[in-house]
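# Residue-level structure breakdown
Read off the chains here:
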Amino acid sequence: MEEKLLKIKNDLMEALKGALKEADVLNIKSEYVGKKSEIQNILTSLKDMNVEDKRKYGSLINNTKKEMEELVNKKLEDLENKIDINFDDTTNYEVKNGSLHPVTIVAKEVTDILKRMGFTIVSGPEMESEYYNFEALNIPKDHPARDMQDTYYLDNGMLLRTQTSAEQVHAMEKYGAPLRICAPGRTFRNEDVDASHENTFFQLEGMVIDKDISIENLMYVMKCVLKEVFHKDVDVRLRPGFFPFTEPSYELDCSCLICGGKGCPTCKNSGWIELIPGGMVHPNVLKAGGIDPEKYSGFAFGIGLTRLAMMKYKINDIRVLNSGDVRYLEKFDIK
Ligand code: DAH
């Protein structure tokens, strides 16, 4: 009997040696000390033994089972202590450098060139009042232009700004004339999201106010900006446009760089992408900013930074940009 018990115990020790995972140990536990294990059978048979054997082997059998259970528990404990929660072993992990978001890259390129031209970079609140977002820009409450810029109206009476144009009057109030500012930032609209529409996107507002400013100045600035971003001259066209805060207003389109002007879903099959609307600042807007329209004139433009990034990097689905999908975004890594 002694030998038999010793062998069972040794077999268990041998089995435990080869176990690397908790699940292995649990299987061994059930096989060697479970209800149908050999030691359990021996223990059960104790009651049928004669008094002498009972006395002789009783405690030995019980102790052996106890020792075997202890061996199993010890092994489980050892495995638990082996789990490394510090993650300081990086051999299995590839350490990657972060990268700039495509919109950040184009925002930097545009602001870099504008800075060189004497523009000050300003930033305003994303939660804005109706006054700065609409009314001060010559868009009163019942103006149809508000329909195209439906947004999120907040319980506190404010709204999420629909355009960085909201910075125009803030800037005039703060700096007066003459001024040159650009305001990059996030803007929001109540949009049905698809490949070319997002409810959250980025714009950059530009504004110059001085004496004798004309549309020629605006054209020059636009051409410099596009050349800087695309590193080449891109085809552009100018169309008359309408914005309540500029008069005259126009739209500057660039040839769709995704399809080369042939027509695709991104350019709505027109071959052109509406890129930079702008115009001469409306006298009412100058007045709202406390500037005398008799003395000063100015131009303003709004660059769709999100759209510009899509053109530059040939991204055909706007949703990628807000997706946070690093596998896609890291492709734009610049060193
Ligand atoms: N804020 C306009 C928009 O989001 C774009 C715009 C048009 C800005 C004309 C301007 C401008 O500064 O002069 O649709």
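Now for a description of the structure that goes with this document. What you see is a predicted model, and the numbers here were worked out from it, not measured in a lab. (Residues numbered from 1 in each chain as written. Predicted model: local features only at pLDDT ≥ 70, side-chain atom pairs only at ≥ 80, totals over all residues. Heavy atoms only, no water.)

This paragraph deals with the overall build of the protein. In terms of helices and strands, the protein carries 12 helices and 9 strands. Taken against the 2.2 N^0.38 rule, which gives 20 Å for 335 residues, the C-alpha radius of gyration of the protein at 37 Å runs more than 25% over that of a compact globule. Based on the C-alpha atoms only, the size of the protein along its principal axes is roughly 120 × 45 × 35 Å. A total of 335 residues make up the protein; the buried ones form 44% of that total. A separation threshold of at least 6 residues defines the contact pool for the protein, and within that pool the share at least 24 residues apart is 69%. (Helix = DSSP H or I, 4+ residues; strand = E, 2+ residues; numbered from the N terminus. Rg over C-alpha atoms; globule rule 2.2 N^0.38 Å. Buried < 20%, exposed > 50% of the residue type's maximum accessible area, 1.4 Å probe, protein only. Contact = heavy atoms within 4.5 Å.)

The next subject is the site of the ligand. Gln 163, Ser 165, Arg 189, Gln 203 and Glu 205 are the nearest of the 16 residues found near the ligand. Between Gln 168 and the ligand, the recorded distance is 3.3 Å, taken from a side-chain N or O atom to an oxygen atom. When the ligand is considered free in solution it has 360 Å² of accessible area, and contact with the protein chains removes 93% of it. Because more than half of its atoms lie within 2 Å of the grid, the ligand is assigned to the largest pocket. (Near = heavy atom within 4 Å. Polar contact = N/O pair within 3.5 Å; in protein donor to acceptor, adjacent residues only side chain to side chain. Areas by Shrake-Rupley, 256 points an atom, 1.4 Å probe, with all protein chains shown as cover. 1 Å grid on protein atoms, 1.4 Å probe; cavity = no way out; pocket = protein on both sides within 12 Å on 5 of 7 lines; lining within 4 Å. Sits in = over half its atoms within 2 Å of the grid points.)

Here the focus is the environment of Gly 206. Within the secondary structure, Gly 206 sits in strand 5 (residues 200-210). Placed 37 residues apart in sequence, Gly 206 and Val 169 show a C-alpha to C-alpha distance of 12 Å.

Moving on, we come to empty space enclosed by the protein. Over the atoms, a rolling probe the size of a water molecule traces out where space has been left empty. Taken as a whole, this structure holds 1 cavity of 30 Å³ or more when the rule is applied. There is about 40 Å³ of room inside the largest cavity. Elements with a minimum of two residues in the lining of the largest cavity: strand 5 and helix 11 (319-323). Of the residues belonging to the lining of the largest cavity, the class tally is 3 nonpolar, 4 polar and 1 charged. (Points joined across faces, edges and corners; volume = space filled by probe spheres on them. Nonpolar A, V, L, I, M, F, W, Y, C, P; charged D, E, K, R; others polar.)

Our next topic: the state of the cysteines. Across all of its chains, the model carries 0 disulfides by this definition. Free of any disulfide, Cys 224 has its nearest neighbouring cysteine sulfur in Cys 182, separated by 14 Å. Accessibility expressed as a relative area gives 18% for Cys 224, which makes it buried. Its sulfur unpaired, Cys 267 is 3.7 Å from the next cysteine sulfur, which belongs to Cys 259. (Disulfide = S-S within 2.5 Å.)

This part is about the environment of Tyr 32. Here Tyr 32 shows up in helix 2 (residues 22-33). Of the residues examined, Tyr 32 reaches a relative accessible area of 18% and is grouped as buried. In the structure, Tyr 32 is positioned 66 residues away from Gly 98 in sequence and 52 Å away in space, judged by C-alpha atoms. Ignoring sequence-local partners within four residues, the contact set of Tyr 32 consists of Ile 8, Asp 11, Leu 12, Ala 15, Ser 37, Ile 39 and Met 68.

Before going further, it helps to examine the side chain of Arg 189. Mapped onto the elements, Arg 189 comes out in the loop between strand 4 (179-188) and strand 5. Engagement of the side chain of Arg 189 in a polar contact is seen with the backbone oxygen of Thr 162, the distance being 3.0 Å. Each residue touching Arg 189, except ones within four places of it in the same chain, is listed here: Met 148, Gln 149, Asp 150, Thr 151, Tyr 152, Thr 162, Gln 163, Asn 199, Phe 201 and Gln 203.

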